[in-house]
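The lines below spell out each chain.
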Amino acid sequence: MKTTLTINGEPREIEAEARVTLLDALRHEIGLTGTKKGCDHGQCGACTVIVDGRRINSCLTLLCTQEGAEVVTVEGLGEPGRLSALQEAFLAQDGFQCGYCTPGQICSATAMIEEAAKGWPSWVSESLEGEAVLSREEISERMSGNLCRCACYPNIVDAIAKVAEARMAEAAE
Amino acid sequence: MTAHLVFDEPDKRNRLDAMAQEVVGRPIDRSEGALKVSGRAVYAAEQATSLWSEKRAECLYGVFVRATVPLGRVASLASGEARAVPGVLEVLQDPRLVRHPAQGMARKSPPQDLSEVTYFGQPLALVVAESFEAAREAARLVRVEYETSAEAELDPAQAPSELPEKKQSAQGDLEAALREAAVSLDASYSTPSMAAAAMEPHAALAWWEGDRVTLCGAYQMVSQNAEELADALGIAPGKVRVLSPFIGGGFGSKLGIAPEAVAAAVAARTLGRPVMVTLARQQEFEIAHRRSETGQRVRLALDADGRLTGIGHEARVSNLAGESFSEPVQQATHFTYRGENRQIRHEVARVNLTCAGSVRAPGEAVGVTIFEMALDELAEKAGLDPLELRLRNIPEEDPETDKPFTSHMLAEALRDGADRFGWSDRRAPGERRQGEWLLGMGMASAVRVNMLHKARVRVTLTGEGARVESSMTDIGTGTYTILTQIVAEMLGLAPDRVRTILGDTDLPEGSGSGGSIGAASNGSAAFLACEEIRRQIAAQMGCPEEELTLKDGRATCGNRTRDLAELVTEPLSAEGHFEPGKALKGVRSSTWGAHFAEVAVNEITGEVRVRRMLGVFAAGRILNEKTARSQCLGGMTFGIGMALMEEMVHDRRFGQVVSRDLANYHIPAHADVPALEVHFLEERDSYGGTLQAKGIGELGICGSGAAVINAIHNACGVRVRDLPATPDKVLEGLCALGR
Amino acid sequence: MKDFAYLRASSCDEATTEALEPATRFLGGGTNLLDLMKLGIETPARLLDVNRLDLGVIEELDGGLRIGATVRNSDLAADPRVRRSYPVLSRALLAGASGQLRNMATTAGNLLQRTRCPYFYDTDMACNKRTPGAGCSAIGGFTRYHAILGASDACIATHPSDMAVAMAALEAVVEIEAPGGARRHVHLADFHRLPGDTPHIETCLEPGDLITAVILPAPAGERQIYRKIRDRASYAFALVSVAAVVRMEEGRIATARLAFGGLAHKPWRDAEVEACLEGEPPSDDLFDRAADRLLQRAWGQGENDFKIPLTRRILTAALREATGGMA
């Protein structure tokens, strides 16, 4: 069946069986292999992409359900020479080693910062109401859906904290 | 031109320190980093899309059929239903397919013939289809019947065992030492099977051109893997090319050629099209090597002065019949602490469970961890500060062989760590509290044997910059970056003028990644190549190589300076060939460190949270402080996982892996890991090849789990001897203490 | 996974009618259904996408809230009315899964998610849920995560939801539309079933039934607590969880609604336990008696025996906190 959607700003029309996941469609049909398959069951976060502004696991999403959706993958966030602020921060803080979970971490963090900006609380938030301040503990909790076996967690949190701070300062101005 | 060095003598020249570019050691960003953060780095399963973009439609997908008994013979395999699935081309059974991955550095095929089943989950056949979904669907429809003649051995504690002669040792009289000791300990511990659980599952894409096969795989040691694949296929090693430019983590699980590679190659041959085989995460747990569970008994004798007089360390591990690898639990016990009466007993049970193999720091990861837990108990019994107990028992030389240490940094690491961490603030169990949470501190030594391996690296200098080439891999360890730095340093180039190409068996044979050998071995080879190129430049400049200064693309001899761009009109190329020699025969070489952890234990629920952790490490010259630090963070976090949550469970009745996905096999998530601190001790080890460097990839996991476990005791008084310390075990201890 | 026909429902009426066709499943967030389909545990012939129905709204109703069936877990947790008046629900949602999964998972889908029993998840193991009458291979196996209350010889699985535990304590009501358009309301406590001899029947839903909403009654000034114990700090299912919704009056417990996760085939509520608390001044002694009642028929499998003392301890801690005493 045919699915029409936008990927990284480009309109696409993809012909695929109904059972094809968004993840496999990105990797095999479109050739956007930045999005990774780590577990295929929503247990690792390597496949995280941003759909209509929200981070989701593309492995548990059927392509055919995404008619009209706007999908952003890691490739759409930046490219060498024109990296996004988070991509730059991951590079500077060494927020990765093997790099396999990295696209998922970066997509996840990109959307997570926006969730916090909307005031969404987390499991570790002292209060459910009021503003969400991205402390280390908050970032770690909110990013726990992205596993990293190389375990660059402290560096990833550093990278996100740096960008989140700039984002919050920008919002305050 | 080859620059060959057999490492017979320590290298005390510290030549890198005399170079002018000053990039080695600096925390520069990863050279392949921009590709990784932008999703442009291409991993094994993605090669079909990138290399084969014009032929993507040609690629077929293979999915394994799984054995559902732990032992037996395939009596029949009915594939009719599977073949009826639209898109399915073949249900491949072939005598060349392999049962499980090869052990690291095997250089030959692992056991073949899938009709013999030796563990639950073993591949039996490969379903090949036009699409991944069709192959996955069809693999479930293959009906297999088995003949079983013997009972499978599914309980490592009960299975028949062997005592390999070479793995036992004894000196003095341990029993007497224990009898005469002022304080002694005799305690039993256990660690469960664990998984490497790299984020990238095993994947292989194979295609043939004539009688040559190219394999894009996720492998740590491609030159060895090419030989293993050739052996499995029954073809000459020269007919195999393996490519692994990017590997999504290995931790030992990708050391040897594995079933997907052989199956992809055979299927591609049979069907005349490229074939990609990836393991599902569940298969990753069932097929990739596990770290063996261990049963350990530690006996310690301490005299009235707090000196160890006896050390006994027994271990029972397991593996499939016929596998020579057995988790070398006591590897570091031989030399870490003093004591004239020593006994090592190493027992290997033969089981029908997932093949055991190397997982990050095989041996020390579980051996040092348990031993350091035992020392904590001994210190408590003796009324000694655990730090002090260690400091009093550091030997002058290897206590079993009397060989000198190439360097010994344990005492310094312990003292430095204790200062930085604030160890003197440690209180008695139960004395520090925040609400429901009890706080405590623990520490442990870190020890990991250091090894070197033969390696070849080619360096080519042109007027534009340098190219570095080797079949060595970068599994996230930082090899791209450190080789770039070494060559930039030696040839006086900015790092962005150096391009490093790895993971291709058409290039000179590197060591591969494993056993923390990569940096020192391949780095030494790159150094040798650069020395040769420097000699050629020096000859052109008319001065001895030692007097040549290369910096920022300019060569200086005495008062003459020339641009390399004009000097190097023809590419200058040299291959560095490093081979370990006699230098390391008469010495004991190890890396050293100390772990400190502060944990909080919930008094009501038994949950444990690591609040902070410090690792102080000495591993010779640190080539890149940033990537080395990340390696240590990873190792320390593996330690947190081992201490608190990681447990691979096999069902004792049927033999299948119960915890076969990332929801059931817990690895630490972001929320489990606080801001860890890493500190390196400045060191040059002249036995660490031409760079005076040693391996850093595994040291962080050696003992870190013990620091966490010991901190749990300091927080609440509970000793957990069977890892992991999940809430139920801590809770049981709390209840027993009446808390 | 097995191929299927994909259909998009344009009205509830169409959805319930189409769902009467054999082997048809509704598709919401897909976070559990696709997971199960990939493993061959669910093999629907038709997937009926209900995401484009008008069921994604949270609206005020009689002082309470009516939560549409396809409201995403993350939106529900972040809704200001939920955060203010039903914090136990926000907390429970935020304790579950990951940010990504919560962005996908729906309210109805969360209620309908299936057990994470690893024997259910392995089609080569016997399971009465997958194949009625096949036997239960979990019994006698690795049972660390299994039930201690309400289990049977046929099944010892637990329900994995956090959200449902909070909703049970809030006395939520599930709104269900049957084919033909008739709507009925079922108390959340009665929505899920105990396994008995038919563990494959997990809820009170009849063929074609579509969950359209979950209704929360008006809050009455209760103190609300959610606690969850798990094997890692985040992104893990509960070993045990408890939702406590307690109202105090003049130093006495006026009402106590307690629900537990990780203990049974459904969010566990016990009217006797709540009755023994109500009208009493809070004390550790009272909490102990409540725990005695709660656990009087608890029965472990060996590896999950620890859940009995653990439940006792977190019940006490939650009650101390909910009744105003310090934990």
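Under an unreviewed UniProt entry, chain C has the name Xanthine dehydrogenase YagS FAD-binding subunit and belongs to Cereibacter johrii.

The name that an unreviewed UniProt entry assigns to chain B is Xanthine dehydrogenase molybdenum binding subunit apoprotein, with the source organism given as Cereibacter johrii.

Residue and element names in this part refer to chain B. When cut into domains, chain B gives domain 1 (2–41 + 452–584) and domain 2 (390–450 + 589–736). With 35 residues of domain 1 in contact, the opposing surface of domain 2 contributes 26 residues. Together domain 1 and domain 2 conceal approximately 2,400 Å² of surface at their shared face, both sides included; 55% is due to carbon and sulfur atoms. Inspection of the region where domain 1 meets domain 2 yields three salt bridges. In this structure, Lys-626 engages Asp-29 in a salt bridge whose closest nitrogen and oxygen atoms are separated by 2.4 Å. Here domain 1 and domain 2 share twelve residue pairs in polar contact (both at pLDDT 80 or more) between them. Looking at the side of domain 1 that touches domain 2, the elements with two or more residues in it are strand S1 (2–7), helix H1 (15–18), helix H13 (479–491) and helix H14 (518–541). At six residues, the largest contribution of residues to the side of domain 1 that touches domain 2 is made by H14. Here the residues of the side of domain 1 that touches domain 2 sort into 17 nonpolar, eleven polar and seven charged.

All names here are of chain B. Cis geometry marks the peptide bond from Leu-723 to Pro-724; its omega dihedral reads -5°. Looking at the element boundaries, Pro-724 is found in the loop between helix H17 (704–716) and helix H18 (727–736). The phi angle at Asp-113 is positive, at roughly 75°, despite the residue not being glycine. Here Asp-113 is to be found in the loop between strand S4 (88–92) and strand S5 (116–117). Under the relative-accessibility criterion, Asp-113 is labelled partly exposed at 31%.

Further remarks concern the state of the cysteines. Residues and elements named next belong to chain B. Counted according to the given criterion, the structure contains one disulfide over all chains. Note on cysteine connectivity: Cys-543 is disulfide-linked to Cys-557, with sulfurs 1.7 Å apart. Pair noted here: Cys-543 is in the loop between H14 and strand S25 (548–551) and Cys-557 is in strand S26 (residues 554–557), with a separation of 14 residues, a long-range link. Using a relative accessible area of 14% as the deciding quantity, one classes Cys-543 as buried. The class for Cys-557 is buried, based on a relative accessible area of 2%.

For chain C, the assigned domains are domain 1 (5–49) and domain 2 (223–322). Domain 1 of chain C and domain 2 of chain C are separated by 36 Å when their C-alpha centres are compared.

Residues and elements named next belong to chain C. A sheet is described by the order of its strands in space; here three strands give the open sequence S1-S3-S2, paired in parallel fashion. Only two strands of the sheet have a single neighbouring strand rather than two, namely strand S1 (5–8) and strand S2 (24–27). Across the sheet, the mean angle separating the axes of adjacent strands is 25° when strand polarity is ignored.

A word on the interface of chain B and chain C. Quoted interface sizes are often the accessible area lost when the parts come together. With 37 residues of chain B at the contact, the number on the chain C side is 37 residues. In total, chain B and chain C occlude about 3,100 Å² of area from one another, counting both sides; carbon and sulfur atoms represent 54% of this. Among the residues of chain B in contact with chain C, Arg140(B), Ile604(B) and His666(B) are the three that bury the most area, contributing 16% of the side total. Counting across the chain B and chain C interface gives five salt bridges. The partner of Asp122(C) in a salt bridge is Arg66(B), with the nearest N and O atoms 2.8 Å apart. For the pair chain B and chain C, the interface holds 17 residue pairs in polar contact (both at pLDDT 80 or more). Of all the secondary-structure elements, those providing two or more residues to the side of chain B that touches chain C are helix H5 (132–139) and H18 of chain B. At five residues, H18(B) tops the list of elements feeding residues into the side of chain B that touches chain C. The class makeup of the residues in the side of chain B that touches chain C is 15 nonpolar, seven polar and 15 charged.

What follows deals with the sheet that holds strand S28 (residues 572–580) of chain B. Residue and element names in this part refer to chain B. Pairing within the open sheet is mixed, and its five strands lie in the order S1-S28-S22-S23-S24. One side of each edge strand has no neighbouring strand; the edge strands of this open sheet are S1 and strand S24 (498–501). For this sheet the average axis-to-axis angle between neighbouring strands, irrespective of direction, equals 15°. By the bridge criterion, four bridges tie strand S22 (residues 455–461) to strand S23 (residues 466–469) in an arrangement that is antiparallel. Opposite Leu-461, over in S23, you have Ala-466 as the bridge partner. In this fold H13 packs onto S22, S23 and S24, with an angle of close to 140° to the strand it touches most, S24. The sheet strands contacting H14 are S1, S22 and S28, and the helix crosses S28 at an angle near 140°.

Listed by partner, the interface residues are 56 residues for chain A and 63 residues for chain B. Note on chain A versus chain B: buried area summed over both sides is about 4,600 Å², and carbon and sulfur give 56% of it. At the junction of chain A with chain B, the criterion picks out six salt bridges. Two residues, Arg136(B) and Asp40(A), come together in a salt bridge whose shortest N-O distance is 3.0 Å.

Another aspect to go through is the packing of helix H3 (residues 85–93) of chain A against helix H6 (residues 153–172) of chain A. Residues and elements named next belong to chain A. Look at H3 against H6: their axes get within 8 Å of each other, and the N-to-C directions meet at 140°. The orientation of H3 with respect to H6, classified from their angle, is oblique. Note that H3 runs across H6; the crossing there is right-handed. Between H3 and H6, the residues in contact are Ala-85, Leu-86, Ala-89, Phe-90, Ala-92 and Gln-93 and Asn-155, Ile-156, Asp-158, Ala-159, Ile-160, Lys-162 and Val-163, respectively. By residue class, the composition of the contact of H3 with H6 is nine nonpolar, two polar and two charged.

The next point concerns the packing of aromatic side chains. Under the definition given, this model contains 15 aromatic pairs over all chains. These aromatic residues form a ring-pair network of at least three members: Tyr100(A), Tyr43(B), Phe246(B) and Tyr480(B). A cation over a ring is seen here: Arg30(B) above Phe96(A), with NZ or CZ 5.7 Å from the ring centre. For the cation-ring pair, Arg269(B) lies above Trp208(B), with the distance from its terminal atom to the ring centre recorded as 4.4 Å.

What counts, and where the lines are drawn
Residues numbered from 1 in each chain as written. Chains lettered and ligands numbered in written order. Predicted model: local features only at pLDDT ≥ 70, side-chain atom pairs only at ≥ 80, totals over all residues. Heavy atoms only, no water. Domains from an automatic or database assignment. Contact = heavy atoms within 4.5 Å. Buried area = accessible area lost by both parts, 1.4 Å probe. Salt bridge = Lys/Arg side-chain N within 4 Å of Asp/Glu carboxyl O. Polar contact = N/O pair within 3.5 Å; in protein donor to acceptor, adjacent residues only side chain to side chain. Helix = DSSP H or I, 4+ residues; strand = E, 2+ residues; numbered from the N terminus. Nonpolar A, V, L, I, M, F, W, Y, C, P; charged D, E, K, R; others polar. Buried < 20%, exposed > 50% of the residue type's maximum accessible area, 1.4 Å probe, protein only. Disulfide = S-S within 2.5 Å. Pairing = 2+ DSSP bridges. Axes fitted to C-alpha atoms, helices over the stretch in contact; angles between N-to-C directions. Parallel < 35°, antiparallel > 145°, perpendicular 65-115°, else oblique. Left-handed = near helix turned anticlockwise from the far one by under 90°. Phe/Tyr/Trp six-rings, centres within 6.5 Å; stacked < 30°, edge-to-face > 60°. Lys NZ or Arg CZ within 6 Å of the ring centre and 35° of its normal.

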